[in-house]
Amino acid sequence: MSLVKKLFAKTPMARSTRAYEFGLARLPQLPTGGVLEIGTGQGYGAAFLSRAFPERQVIAIDITYGCFKPDRLEFGAHRPWFVQASAPYLPFADGVFALATAIMTFHCLPEPQRVFGEVFRVLKKGGVFLMADVDGNHRIAPWFERVEHWGGISPITRAYPPAEIEKLGAEAGFPPPRTFRRKPRGFMIWYIFQKQKSPL
Ligand SMILES: C[S@@+](CC[C@H](N)C(=O)[O-])C[C@H]1O[C@@H](n2cnc3c(N)ncnc32)[C@H](O)[C@@H]1O
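This is a predicted model, so every value here is computed, not measured.

Moving on to the site of the ligand. If you check the shell around the ligand, you find 19 residues, and the closest are G39, G41, I63, S86 and A87. Contributing elements (two or more residues each) for the shell around the ligand: helix 4 (44-52) and strand 2 (58-62). Of the residues in the shell around the ligand, the class split is 11 nonpolar, 7 polar and 1 charged.

Looking now at the nonpolar core. Ranked by size, the top nonpolar core spans 43 residues in total, and within it F97, A100, V119 and F129 carry the most contacts. In this structure, A100 is in contact with L36, I38, V119, V122, L123 and F129, ignoring residues within four places of it in sequence.

With that settled, consider the sheet that holds strand 2. Here we have 7 strands laid out as an open sheet, ordered 3-2-1-4-5-7-6, and mixed in their pairing. Either end of the sheet is taken by a strand with one partner, and the two such strands are strand 3 (81-84) and strand 6 (178-180). Neighbour-to-neighbour, the strand axes of this sheet turn through a mean angle of 20 degrees, independent of strand direction. As paired strands, strand 6 and strand 7 (residues 188-194) are joined by 3 bridges and run antiparallel to one another. From the neighbouring strand, F180 faces strand 7, where its bridge partner is W190. On the sheet, helix 5 (residues 112-122) packs against strand 1 (34-38), strand 4 (97-103) and strand 5 (123-134) and is oriented at approximately 145 degrees with respect to strand 5.

Scoring rules and cut-offs
- Residues numbered from 1 in each chain as written.
- Predicted model: local features only at pLDDT ≥ 70, side-chain atom pairs only at ≥ 80, totals over all residues.
- Near = placed C-beta within 6 Å.
- Helix = DSSP H or I, 4+ residues; strand = E, 2+ residues; numbered from the N terminus.
- Nonpolar A, V, L, I, M, F, W, Y, C, P; charged D, E, K, R; others polar.
- Core = buried A, V, L, I, M, F, W, Y, C linked by C-beta atoms within 7 Å.
- Buried ≥ 20, exposed ≤ 12 C-beta atoms within 10 Å, placed from the backbone.
- Contact = placed C-beta atoms within 7 Å.
- Pairing = 2+ DSSP bridges.
- Axes fitted to C-alpha atoms, helices over the stretch in contact; angles between N-to-C directions.

Put into structure tokens, the structure is as follows:
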């Protein structure tokens, strides 16, 4: 793990679940089913999701568990399952999840079109994909990318402009997402994609 990544993992920001809270407060009604977290990192988000959805099973994936801190996590009624897997190749059956999340993760995923396709595949009808990430059109986006590249955090990091995210979603089969920001010029953007309940 790079030094920058190790140092960042110790900051309160790395343990914060505020981005999850903000997104969950804006979700539509979900079908029954599990919750998939993509890119769990230290695991604080998965633990938060297990407390927020005590009746659902949370499955959290990550490509690596170098940052994972299971001893520090406070779980809900069901302990999340942690699975080592890569987002473009999800090891799950079709139509099993009610919610998939990618919080501050999409920017470092390979094969973004495949990721959207896989998320669409594993969601139930009416299921939701909640994403939060740096807005590629924001003035801090190039600096964010440089820190990730030069700090050895992720050589492929890319902050996507919203139009590109919406295009990726449409190509996978999602209708246009609802988007949210904390502040009108905030650098973070939340997307809520919902797989349609019935064909058009
Ligand atoms: C910036 S962290 C976000 C952690 C967490 N979601 C949060 O907000 O605290 C991004 C995570 O994505 C993971 N990741 C990178 N490539 C991945 C891939 N191909 N599949 C799954 N996870 C991946 C990284 O290992 C890292 O833990």
